[in-house]
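Structural characterization, general
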Number of protein chains: 4
Amino acid sequence: MKENEKLKLYELSDINYLKVHGRTTGELSPLTLFWTGSAIELNAKGSELWLEVEVDYDIYEPWISILVNSAVVSRQMLTAGRYWVCVFRGMNENETKNIRIVRDVQAMNGDESCSLKIHAVKFDGEFLPIEEKPYKIEFIGDSITSGEGTVGAKPEEDWISMWFSAIRNYTFITAEALNAEYRVISQSGWGVLTSWDNNPHYNIPEYYDKVCGLLTGEKNESLGAFKQNDFASWQPNVVVVNLGTNDAGAFNSPEWKDEETGEIHKQRLNEDGTPNEEDLKAFEGAVVIFLAKLRKYNKNAHIVWVYGMLGTPIMPAIYRAVDTYIKETSDKRVSVFQLPNTTDETVGSRCHPGVLSHKKAAKELTEYIKEIITK
Amino acid sequence: MKENEKLKLYELSDINYLKVHGRTTGELSPLTLFWTGSAIELNAKGSELWLEVEVDYDIYEPWISILVNSAVVSRQMLTAGRYWVCVFRGMNENETKNIRIVRDVQAMNGDESCSLKIHAVKFDGEFLPIEEKPYKIEFIGDSITSGEGTVGAKPEEDWISMWFSAIRNYTFITAEALNAEYRVISQSGWGVLTSWDNNPHYNIPEYYDKVCGLLTGEKNESLGAFKQNDFASWQPNVVVVNLGTNDAGAFNSPEWKDEETGEIHKQRLNEDGTPNEEDLKAFEGAVVIFLAKLRKYNKNAHIVWVYGMLGTPIMPAIYRAVDTYIKETSDKRVSVFQLPNTTDETVGSRCHPGVLSHKKAAKELTEYIKEIITK
Amino acid sequence: MKENEKLKLYELSDINYLKVHGRTTGELSPLTLFWTGSAIELNAKGSELWLEVEVDYDIYEPWISILVNSAVVSRQMLTAGRYWVCVFRGMNENETKNIRIVRDVQAMNGDESCSLKIHAVKFDGEFLPIEEKPYKIEFIGDSITSGEGTVGAKPEEDWISMWFSAIRNYTFITAEALNAEYRVISQSGWGVLTSWDNNPHYNIPEYYDKVCGLLTGEKNESLGAFKQNDFASWQPNVVVVNLGTNDAGAFNSPEWKDEETGEIHKQRLNEDGTPNEEDLKAFEGAVVIFLAKLRKYNKNAHIVWVYGMLGTPIMPAIYRAVDTYIKETSDKRVSVFQLPNTTDETVGSRCHPGVLSHKKAAKELTEYIKEIITK
Amino acid sequence: MKENEKLKLYELSDINYLKVHGRTTGELSPLTLFWTGSAIELNAKGSELWLEVEVDYDIYEPWISILVNSAVVSRQMLTAGRYWVCVFRGMNENETKNIRIVRDVQAMNGDESCSLKIHAVKFDGEFLPIEEKPYKIEFIGDSITSGEGTVGAKPEEDWISMWFSAIRNYTFITAEALNAEYRVISQSGWGVLTSWDNNPHYNIPEYYDKVCGLLTGEKNESLGAFKQNDFASWQPNVVVVNLGTNDAGAFNSPEWKDEETGEIHKQRLNEDGTPNEEDLKAFEGAVVIFLAKLRKYNKNAHIVWVYGMLGTPIMPAIYRAVDTYIKETSDKRVSVFQLPNTTDETVGSRCHPGVLSHKKAAKELTEYIKEIITK
């Protein structure tokens with residue numbers, strides 16, 4: 001192999017035009033990508049570019065997708081270690097390439113060792129400014145929003161990183177269609193009030209105001225995951241909340257028991273199979289509180305609560321909660337939008353929405369958001 | 001990171017059920033994957049599997065795609081060196097996964113250093129038998145068959161490995177649809193008589209009988225690329241030849257001159273812009289000779305000459321040549337089939353057929369071959 | 001022309017196996033088809049069949065579509081007069097054809113002369129039994145459900161019968177997909193509380209219990225349109241209500257004034273452009289009352305309120321109303337389902353959902369109803 | 001019914017801006033529409049328009065489709081008699097409507113009584129000029145080009161007019177896509193040399209130079225069907241010949257015997273199931289002669305021989321024949337183009353290409369012709 005002797009090392013902090021996507025601490029030495037869909041973006045005029053990553057995990061390894069001029073060219077597992085990944089080579093040194101390296105797997109509450117850091121870049125050219133996009137969107141959700149099931153054959157059942165994608169995902173597709181910058185806050189299995197299995201601690205709202213509060217462990221603490229997020233630095237035009245699917249599932253799951261405290265939680269069903277009203281009220285209350293929290297941090301955003309990619313069993317409760325919030329606050333910049341259900345044709349692996357379902361949802365959601373942001 | 005201590009090292013030759021796709025020398029220590037679409041396949045019952053590759057090149061690096069249960073899960077550049085690539089980890093150890101690791105880039109005539117070898121596998125489970133597919137298809141072609149342009153944004157113009165794919169390719173898609181095993185013999189820019197730029201040495205037929213005769217250099221010689229291919233070991237039911245696009249292009253390209261010998265070649269145009277008849281006859285002669293060569297090595301195959309994904313300017317010459325061959329030999333198991341042209345909607349990068357064009361061509365070709373093999 | 005001398009005249013009442021679709025009075029001498037989608041169905045083993053119609057109107061003529069073995073073969077305007085329409089001729093006399101002659105235009109509140117009667121059939125064969133379908137669905141709606149805009153070029157603006165279709169319509173497409181018998185109750189411009197232009201008398205609920213109560217004039221009275229409908233004779237499994245679009249429109253339309261009484265009605269907007277709460281409450285009240293009326297007449301049906309093909313501005317009010325109804329009655333067999341919005345790609349004539357929008361809505365609705373009726 | 005008292009009677013010859021499509025004798029009192037796709041076109045600024053037709057047949061009745069502003073609004077059987085058909089009514093009298101009334105059924109060689117004449121128009125407005133289209137295309141073919149099987153359920157087997165359509169037809173769809181005026185010369189079952197059942201008299205070339213020479217009987221003679229066609233008055237840019245499917249079928253059909261003369265014809269198969277060479281040569285000869293005839297009458301047209309919607313068994317013979325013609329005449333404005341085959345998904349009634357197959361063929365053909373006419 002011929003070495004490219006023109007390659008120069010750049011610490012991330014040395015790069016004049018670097019765009020970081022997704023919530024981070026602001027630290028660049030190194031940069032930690034916590035959330036799915038988080039990324040670094042470069043406009044690189046040169047022939048060859050490498051990226052130095054540092055990867056760790058006990059169970060769930062991170063993956064990345066690489067986009068060149070908005071086309072996906074690579075998707076790969078990142079195994080543990082600190083090493084260089086080649087992003088491109090042999091290209092025309094006089095052409096500017098828009099490059100995105102995107103974390104393809106959600107933040108992993110279940111593996112405190114899991115981390116993906118970016119240290120540096122080797123490059124033989126010049127970095128150029130990156131145009132600001134006209135809109136910003138934040139997506140908040142569960143496994144659907146994490147893109148679980150968008151990769152892999154339908155019968156796959158393992159719960160592993162491989163089946164996740166940030167790209168074959170309604171979040172990415174919607175943002176691209178709207179020419180918007182976007183961020184994702186998501187965790188498989190979690191809900192507004194509880195997780196699918198009734199764990200009241202696995203709820204997104206509680207951790208929303210931290211950089212990546214749903215992570216665990218000392219390492220993540222030292223990486224700054226539990227710091228207050230700097231909302232002022234990135235104010236979205238639209239916040240899309242895609243939660244409720246796991247809250248609905250909780251009604252059909254066994255009770256959760258905290259082995260230490262003996263604490264028990266269960267969203268109950270009535271004898272006729274419909275949700276217990278009191279428990280549904282608790283869910284609605286959690287929605288109302290979350291909306292207030294979202295508004296606190298996103299003063300000017302339109303908030304859209306979306307639901308339906310895996311059915312609509314508690315849609316009435318979502319509408320009631322949003323009604324209540326609006327009545328209580330007179331904040332009318334909140335709405336509900338039903339996404340198309342997943343079918344046998346559009347299902348992916350792990351019984352989750354497949355890429356066809358995500359494309360369909362993105363198409364509907366794009367039209368809906370377009371009306372909001374162009375008004 | 002927790003090490004998986006159950007991983008055991010397997011030399012390829014130690015694996016009881018290993019399937020190698022594509023023309024090789026038979027050597028497994030290591031195995032060299034010469035052609036695009038060549039691959040190793042395993043039925044792996046275990047939780048974690050790694051592959052040891054050895055990669056070299058001066059200019060054009062190889063890429064691979066990884067398929068798990070026939071779904072693409074990864075596609076990545078392989079940079080130079082000898083190292084381990086993780087294929088999967090964390091999976092249910094009691095389930096059998098069908099795994100294919102596929103070379104995604106064509107054999108590279110233009111880079112004698114380019115090589116992709118597979119040495120070994122690390123695995124924590126058991127290999128199981130791989131079912132034989134009912135049909136075998138060989139595809140012979142140029143850049144179209146190499147999948148050039150099936151990756152990347154439309155404006156891309158660099159001639160680099162990144163834009164090639166063996167998977168987003170009519171060869172793979174057709175073979176999957178027909179449940180067939182397949183091989184690819186292909187080289188961008190080459191033709192039956194000459195290359196697109198009139199080089200008479202860049203023709204596929206001349207090298208057809210070697211394992212990978214269009215490669216160059218001592219390293220490839222030592223890897224066995226220039227050995228006679230063992231046709232007896234793999235007899236296809238159908239041979240698909242997708243050549244002629246570069247032969248047609250030669251009429252519109254400048255003459256080729258051998259700088260050493262002064263030898264000149266040029267497929268000429270008449271003054272009215274139509275191809276010179278004598279030169280067209282030379283092309284037809286080359287087709288006839290190639291058909292005879294194909295028949296020599298593939299006694300029982302139906303041979304289909306396909307053409308049209310980038311227009312049909314010399315289709316009449318192809319029909320004439322096939323007619324001539326049939327008349328001369330009474331071998332009627334040869335036919336011609338027009339593939340759908342690429343349009344603005346279906347074009348990919350580098351002005352080549354994009355993945356939509358390949359899907360469309362595969363759909364038509366699948367129907368055509370189905371009639372042949374089920375008769 | 002050769003006369004077919006084997007043709008025999010059958011009064012409708014003479015036909016042993018005649019199926020009438022849509023609400024009628026039960027009268028067959030002649031049969032009046034009041035509603036869009038109403039039809040007669042025959043299983044006809046013979047070569048030639050004619051239908052005697054009697055048609056009248058001052059403004060809006062009826063149209064019919066003819067289906068042979070579920071394929072549309074003809075769609076035609078029916079001009080005024082009493083005459084014979086040929087349904088088919090020259091067919092194999094030994095094959096049984098399933099024939100439907102379908103009224104393609106809504107009941108016309110605005111033209112008291114408009115009527116379509118069927119007197120008799122001429123036929124040269126034998127009528128055979130018609131299989132019962134496993135499900136019955138009733139659709140209630142406005143112009144969307146009347147299929148307004150599903151025929152004609154996009155720029156068409158005339159309000160005429162030509163642009164209506166019962167077949168290029170989500171009602172028909174959904175019923176076919178579910179193998180269900182169906183009926184339609186619909187009127188362009190009408191709502192639950194008022195019409196699009198605030199007329200409080202143009203509401204569907206008020207006339208729901210009559211055969212075709214929204215018609216006017218003595219002729220329709222004598223045809224039995226204002227008789228109480230015989231609900232016991234046809235009990236649907238599902239009632240789909242697609243109303244609200246005109247009620248929402250009323251907020252943006254000028255007030256309605258009864259020229260005789262001076263009565264005025266107007267659904268008002270707040271200064272910030274949102275609907276006046278009191279007026280929205282009136283709409284919700286009308287929904288609650290209509291649901292109770294629907295339940296009274298359809299004891300075992302699941303009632304689905306659908307909405308969204310022309311946007312979802314008052315969806316929260318619909319959800320609130322259905323909530324209120326369920327709370328007041330404990331009747332849980334009522335739900336709300338959002339249909340996909342119409343886009344630039346799917347719009348038809350008169351700015352209404354085109355056939356592509358109807359197909360899309362039908363696909364989603366079919367999946368939704370399938371879950372209900374197969375539970 | 002209220003009569004529209006403003007309607008005025010216009011003999012066709014009185015209409016200042018009348019466009020007649022399809023080959024006719026030039027006679028307008030009345031106008032006879034012989035071929036499928038033939039039509040009258042009007043730009044009508046007024047509210048109501050009627051058409052007086054005169055229809056006759058013994059076996060096969062004509063059908064028409066009505067297009068308003070290029071959208072199909074009606075398709076109906078025309079039963080025998082002389083009567084008025086309403087084209088539209090109740091429209092805005094100040095808007096100009098483009099109206100086409102199109103014969104939907106092929107000229108009927110098998111029914112000498114079959115005729116469709118147009119006498120007059122009743123209208124309450126003003127006729128306006130009709131813009132000339134930039135291109136003219138002539139389509140020549142068999143049942144495929146007649147649109148046989150594009151209407152009706154898949155299992156239909158009767159040979160009746162009902163299953164034909166000029167609109168759900170690659171001819172119409174291609175012409176619309178290219179913004180071209182077009183004519184169709186076609187007959188089900190006929191070929192270049194013989195019909196599908198070896199009748200050497202049922203070939204299109206023999207009758208090509210007459211207005212509608214393949215009709216029979218005295219009535220058609222008196223209507224002028226057998227007059228020499230006035231080619232000078234309408235010179236196409238492109239002639240599309242879609243013949244060969246029945247010539248191929250003849251090889252697999254029993255011999256034809258002329259009961260009077262004892263004359264026998266049979267395109268023979270070799271023992272190995274391939275076509276007899278001599279008979280294939282006869283077909284090729286017929287193609288060569290037809291091409292010369294087409295050129296004689298269409299001096300400046302590009303001639304495209306298309307083939308493949310029902311398979312490509314004799315494509316090599318077509319290529320040979322076109323080659324021969326080009327060599328003999330040096331006329332290079334002739335080419336061959338393969339149309340996509342019909343599949344299980346795209347088949348229509350009577351085992352013929354369905355509307356999906358026609359759409360697909362039209363899409364490919366449109367791209368092909370676009371390249372020719374824009375060069």
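Residues numbered from 1 in each chain as written. Chains lettered and ligands numbered in written order. Predicted model: local features only at pLDDT ≥ 70, side-chain atom pairs only at ≥ 80, totals over all residues. Heavy atoms only, no water.

Labelled according to an unreviewed UniProt entry, chain A appears under the name Endoglucanase, originating from Inconstantimicrobium mannanitabidum.

1. What about the relation of the copies chain A and chain B?
Put simply, the test is: Least squares is used to superpose the copies, and the fit set is the C-alpha atoms of residues whose pLDDT is at least 70 in both copies. Any two residues whose heavy atoms approach within 4.5 Å are treated as being in contact.
When chain A is brought onto chain B, the operation consists of a screw motion whose angular component is 180° and whose axial shift is 0.0 Å, with 0.0 Å RMSD remaining. Those values place the two copies in the arrangement expected of a two-fold rotation axis. The position closest to the rotation axis in chain A is occupied by the C-alpha of Arg-75 of chain A, lying 2.7 Å away. The residues that chain A uses at the interface reappear at the interface of chain B in 100% of cases, marking a shared surface.

2. Examining the pattern of salt bridges
Two side chains with opposite charge may pair up if their charged atoms get near one another. All names here are of chain D. Short version of the rule: Whenever Lys or Arg places a side-chain nitrogen within 4 Å of a carboxyl oxygen from Asp or Glu, that contact is recorded as a salt bridge. By the criteria applied, helices consist of DSSP H or I runs no shorter than four residues and strands consist of E runs no shorter than two, each listed in order from the N terminus. Only protein chains enter the accessibility calculation, which uses a 1.4 Å probe; a residue is then buried when its area is under 20% of its type maximum, exposed when over 50%, and partly exposed in between.
This structure, assessed with the given rule, holds 84 salt bridges over all chains. For Glu-93, the salt bridge is made with Lys-6, and the minimal N-O distance between the two is 4.0 Å. Of this pair, Glu-93 sits in the loop between strand 8 (81-88) and strand 9 (96-103) while Lys-6 sits in the segment before strand 1 (8-11), and the two are 87 residues apart along the sequence. Glu-93 sits in the partly exposed class, given a relative accessible area of 43%. Take Lys-6: its relative accessible area is 54%, and that puts it in the exposed class. Between Glu-138 and Arg-23 there is a salt bridge, with its nearest N and O atoms 3.8 Å apart.

3. Things to note about the interface of chain D and chain C
This is how it is decided: What counts as buried area is the accessible surface, traced by a 1.4 Å probe, that two parts surrender upon association, with contributions from both included. The definition of a polar contact used here is a pair of N or O atoms within 3.5 Å, where within protein one atom must be able to donate a hydrogen and the other to accept one, and adjacent residues in sequence count solely through side-chain atom pairs.
At the junction of the two partners, chain D supplies 36 residues and chain C supplies 36 residues. Taking both sides of the interface into account, the surface hidden between chain D and chain C amounts to around 2900 Å²; carbon and sulfur atoms contribute 57%. When the buried surface of chain D facing chain C is broken down by residue, Met-1, Val-73 and Arg-89 of chain D rank first, second and third, together holding 21% of it. For Arg-89 of chain D, the salt bridge goes to Glu-61 of chain C, with nearest N and O atoms at 2.4 Å. Remark: the boundary between chain D and chain C carries 13 residue pairs in polar contact (both at pLDDT 80 or more). Top contributing element to the side of chain D that touches chain C by residue count: strand 7 (residues 71-77) of chain D, with seven residues.

4. Remarks on the interface of chain A and chain B
What counts here: In the scheme used here, Gly and all other residues not listed as nonpolar or charged are polar, with Ala, Val, Leu, Ile, Met, Phe, Trp, Tyr, Cys and Pro taken as nonpolar and Asp, Glu, Lys and Arg as charged.
The partner chain B presents 36 residues to the 36 residues of chain A that form the contact. Here chain A meets chain B over a buried area of about 2800 Å², counting both sides, of which 57% is carbon and sulfur. Viewed at the interface, chain B and chain A are joined by two salt bridges. The tally of links between chain A and chain B comes to 13 residue pairs in polar contact (both at pLDDT 80 or more). Looking at the side of chain A that touches chain B, the elements with two or more residues in it are strand 5 (49-56), strand 6 (63-68), strand 7 (71-77) and strand 8 (81-88) of chain A. The leading source of residues in the side of chain A that touches chain B is strand 7 of chain A, at seven residues. Residue classes in the side of chain A that touches chain B are distributed as 21 nonpolar, seven polar and eight charged.

5. Overview of the sheet that holds strand 18 (residues 334-338) of chain C
Residues and elements named next belong to chain C. Quick note on the threshold: DSSP-based pairing: two strands are paired if at least 2 bridges between them are found. Only C-alpha atoms enter the line fits that serve as axes; for helices the fit covers just the stretch in contact. Angles between N-to-C directions range over 0 to 180 degrees.
Within the open sheet, the five strands sit side by side as 13-12-14-17-18. Their pairing is parallel. Of all strands in the sheet, those with a lone pairing partner are strand 13 (180-186) and strand 18, marking the two edges. Direction aside, neighbouring strands of the sheet carry axes that sit 20° apart on average. Contacts between helix 4 (residues 277-297) and the sheet are confined to strand 12 (135-141), strand 14 (238-242), strand 17 (302-307) and strand 18, with strand 17 contributing the most and set at about 145° to the helix. Along the sheet, helix 5 (residues 315-329) makes contact with strand 17 and strand 18, crossing strand 18 at roughly 170°.

6. A short note on the relation of the copies chain D and chain C
The operation relating the two chain copies consists of a rotation about an axis and a shift along that axis. When chain D is fitted onto chain C, the two copies agree to an RMSD of 0.0 Å after a turn of 180° and an axial shift of 0.0 Å. Most of the interface of chain D is mirrored in chain C: 100% of its interface residues are interface residues there too.

7. Digging into the arrangement of the chains
With respect to C-alpha atoms, chain B approaches chain C no nearer than 17 Å, and the pair has no contact. The two units chain A and chain D never meet; even their closest C-alpha atoms stay 17 Å apart.

8. Side note on helix 1 (residues 170-177) of chain C
Taken residue by residue, helix 1 of chain C has Tyr-170, Thr-171, Phe-172, Thr-174 and Ala-175 of chain C as its buried positions. Phi turns positive one or two residues past the end of helix 1 of chain C, at Asn-179 of chain C, with a value near 50°.

9. A closer look at the sheet that holds strand 17 (residues 302-307) of chain D
All names here are of chain D. Taken together, five strands build an open sheet; the order of strands is 13-12-14-17-18 and the sheet is parallel. Of all strands in the sheet, those bounded by a partner on one side alone are strand 13 (180-186) and strand 18 (334-338). Between one strand axis and the next, the sheet turns by 20° as a mean value, whatever way the strands run. Alignment of strand 12 (residues 135-141) against strand 14 (residues 238-242), held across five bridges, turns out to be parallel. Following the sheet pairing, Ile-140 is matched in strand 14 by Val-241. Taken strand by strand, helix 1 (residues 170-177) contacts strand 12, strand 13 and strand 14, and its axis lies near 165° from that of strand 13. Sitting on the sheet, helix 6 (residues 355-373) is in contact with strand 12, strand 14, strand 17 and strand 18, with an inclination near 155° to strand 18.

10. Here's the deal with the environment of Asp-124 of chain B
Residues and elements named next belong to chain B. With respect to the helices and strands, Asp-124 occurs in the loop between strand 10 (115-123) and strand 11 (126-128). According to the relative accessible area criterion, Asp-124 is buried, its value standing at 18%. Remark: the alpha-carbon pair of Asp-124 and Lys-45, spanning 79 residues in sequence, is separated by 8.4 Å. Those residues in contact with Asp-124 that lie beyond four places of it in its chain are Asn-4, Lys-6, Leu-7, Gly-46, Ser-47 and Glu-48. For Asp-124, the side chain forms a polar contact with the side chain of Ser-47, separated by 2.4 Å.

11. Some points on the environment of Glu-277 of chain C
Tracing the sequence through the fold places Glu-277 of chain C in helix 4. Along the chain, Glu-277 of chain C and Ala-317 of chain C lie 40 residues apart, while their C-alpha atoms are 9.8 Å from each other.

12. Some remarks on the packing of aromatic side chains
Going by this rule: What counts as a ring pair is set by centres within 6.5 Å for rings of Phe, Tyr and Trp (its six-membered ring), and what kind of pair is set by the plane angle: stacked under 30 degrees, edge-to-face over 60, tilted for all other angles.
Across all of its chains, the model carries 58 aromatic pairs over all chains by this definition. Between Phe-139 of chain B and Tyr-182 of chain B the ring centres are 6.0 Å apart and the planes differ by 80°, which places this aromatic pair in the edge-to-face class. Taken together, the residues span a long stretch of sequence, with Phe-139 of chain B in strand 12 (residues 135-141) and Tyr-182 of chain B in strand 13 (residues 180-186) at a distance of 43 residues. The same class applies to Phe-139 of chain B and to Tyr-182 of chain B, which are both buried. Their ring planes at 20° and their centres at 4.1 Å tell us that Phe-231 of chain B and Tyr-297 of chain B sit as a pair that is stacked. Linking Phe-231 of chain B in the loop between helix 2 (217-222) and strand 14 (238-242) with Tyr-297 of chain B in helix 4 (residues 277-297), this pair joins segments that are 66 residues apart in sequence. What makes Phe-231 of chain B buried here is its relative accessible area of 8%. Members of the aromatic cluster, each reached through a chain of ring pairs, are Tyr-208, Phe-231, Phe-290, Tyr-297 and Trp-305 of chain A.

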